[in-house]
Amino acid sequence: MWIADGWKDYEVIDCSKGEKLERWGKYILLRPDPQVIWDTEKTAPQWKKLNGHYHRSSKGGGEWEFFHLPEQWSINYKELTFQLKPFSFKHTGLFPEQAANWDWFGEKIKNAGRPVKVLNLFAYTGGATLAAAKAGASVTHVDASKGMVAWAKENARSSNLESAPIRWIVDDCVKFVERELRRGNHYDAIIMDPPSYGRGPKGEIWKIEDAIFPLVKLCAGLLSEKPLFFLINSYTTGLAPAVLTYMLGCTVKPRFGGTVRSDEIGLPVSSTGLVLPCGASGRWEA
């Protein structure tokens, strides 16, 4: 498992009965997590010192309950700063486990010894975009949500990357890739973090099991003659690490060689020494 263990402003304190107890900076949040199927004793004192609790509804969805929590605050990861805002369906605007991937591709970009162009699809609030830009890449950031792209720009300003070579694009990711192919544009690295289910800006339906492989095949056509890496993240239980390996192995590796590895990504749990699994990543590298 690839573990995001470089955080100082974030930690998973404990997990029990379908919930994870987290510290985001100085604030304590309790959120549902379907991976936490065990029921262990809640000994950490922070269980009784919550600033926010997301209650899942038996009818689907849920709602936040706040206790002395600001509408927005920031946390740091190394040289990056992220603005957090608890919003719909339990999210805060950041997936801390992705730091394991930020560190991996950040080193690859720094050590490339040449300019690196990165395409970040389903780019959300810009964690991977900012990590790549900080490492020295020029990045094209694509997300279907205008609000998420605005949030990502806010994170760029907070991280002193407002002048970095980042193209901000609000568009349906598949349609953007199709246009880039027609334009003849190429990238040295591709990152994608597709949702299990979603809609594009004009209501286009995205269902990962149906759409992911055709998109990976399209994206392989966008790679430059000497690509550096291709990263796919999945929070969908049906896409096991082996499936990610097969997708990259039959689309990218036949043309460019290199190696493919896939694994779960996770976060250490400070009170127990366990690691909480948080999805999977597939990595092709030259």
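Below or above, wherever it landed, is the structure these notes cover. Here the structure is a predicted model, which means the values were calculated and not measured.

## Re the overall build of the protein chain
A count of helical and extended segments in the protein chain gives seven helices and 17 strands. For 286 residues, the compact-globule estimate of 2.2 N^0.38 gives 19 Å, and the protein chain sits close to it at 19 Å. C-alpha extents for the protein chain along the principal axes are approximately 55 × 40 × 40 Å. Here the protein chain holds 286 residues, and 53% of them are scored as buried. In the protein chain, once contacts between residues fewer than 6 apart in sequence are set aside, the share between residues at least 24 apart is 61%. Here the protein chain displays about 13,300 Å² of accessible surface, and carbon together with sulfur accounts for 51% of that area. Mean positive and mean negative side-chain charge positions of the protein chain (36 and 32 charges, respectively) differ by 4 Å.

## Here we look at the sheet that holds strand S9 (residues 117-121)
Sheet architecture is open: eight strands sit in the order S1-S16-S17-S15-S12-S9-S10-S11, paired in mixed fashion. Single-partner strands in this sheet number two, and they are strand S1 (2-3) and strand S11 (166-170). Docked against the sheet, helix H1 (residues 99-110) engages S1, S9, strand S12 (189-192), strand S15 (229-234), strand S16 (259-268) and strand S17 (275-285), running at close to 175 degrees with respect to S15.

## Notes on helix H5 (residues 208-220)
With 13 residues, H5 ought to run about 18 Å at 1.5 Å a step, and its terminal C-alpha atoms sit 17 Å apart, in line with that. Listed as buried for H5 are Ile 208, Ala 211, Ile 212, Leu 215, Val 216, Cys 219 and Ala 220. An end-on view of H5 places all buried positions within 165 degrees of arc, on one side of the element.

## Observations concerning empty space enclosed by the protein
Empty pockets left among the atoms are what a rolling probe the size of a water molecule brings to light. Counted under the stated rule, the structure contains one cavity of 30 Å³ or more. For the largest cavity, the calculated volume is near 150 Å³. Taken together, 18 residues make up the lining of the largest cavity; nearest its centre are Gln 98, Ala 123, Gly 127, Ala 128 and Asp 193. Among the secondary structure elements, those contributing two or more residues to the lining of the largest cavity are H1, helix H2 (127-134) and S15. Across the lining of the largest cavity, the residue classes tally to 10 nonpolar, seven polar and one charged.

## Details of the pairing of S11
On any regular strand, side chains alternate: one points to one face of the sheet, the next to the other face. Where strand S10 (residues 138-143) meets S11, five bridges bridge the pair, whose relative direction is parallel. Within S11, the position partnered with Val 142 by the bridge is Ile 169. Traced from S10 through helix H3 (residues 146-158) to S11, the parallel crossover comes out right-handed.

The rules behind each value
Residue positions within a chain follow its written sequence, with the count starting from 1. In keeping with the model being predicted, local features are shown solely for residues with a pLDDT of at least 70 and side-chain atom pairs are shown and tallied solely at 80 or more, while totals for entire chains, interfaces and linings include all residues. Hydrogens are left out, water is left out, and the side-chain values use all remaining heavy atoms of the structure. Only runs of H or I of at least four residues qualify as helices and only runs of E of at least two qualify as strands under DSSP, and these elements are numbered from the N terminus. Radius of gyration: over C-alpha atoms. The globule rule applied is 2.2 Å multiplied by the number of residues raised to the 0.38 power. Note on classification: 1.4 Å probe, protein chains only; a residue is buried when its accessible area is under 20% of the maximum for its type, exposed when over 50%, partly exposed between these limits. Two residues qualify as a contact provided that any one of their heavy atoms is within 4.5 Å of a heavy atom in the partner residue. Under the convention used here, a 1.4 Å probe and the Shrake-Rupley method define accessible areas, while residue burial counts only the protein chains that appear. His is not counted here, nor are the chain ends, while Lys and Arg score as positive and Asp and Glu score as negative. Each charge is placed at NZ for Lys, CZ for Arg, CG for Asp and CD for Glu. Strands are treated as partners if at least two bridges between them are detected by DSSP. For every element, the axis is a line fit to its C-alpha atoms; helices are fit only across the contacting stretch, and the angle between N-to-C directions ranges from 0 to 180 degrees. Residue count minus one, scaled by 1.5 Å, sets the expected span of a helix. Arc definition: directions from the helix axis to the C-beta atoms. Both site types are read off a 1 Å grid over the protein atoms alone. A 1.4 Å probe that fits but cannot get out defines a cavity, while an open set with protein on both sides within 12 Å along at least five of seven lines defines a pocket; lining residues have an atom within 4 Å of a point. Grid points are joined across faces, edges and corners, and a volume is the space filled by probe spheres set on the points. Residue type decides the class: Asp, Glu, Lys and Arg count as charged, Ala, Val, Leu, Ile, Met, Phe, Trp, Tyr, Cys and Pro as nonpolar, and the leftover types, Gly among them, as polar. Crossover handedness is defined by viewing with both strands directed away from the observer: a clockwise path from the first strand over the helix to the second marks the crossover as right-handed.

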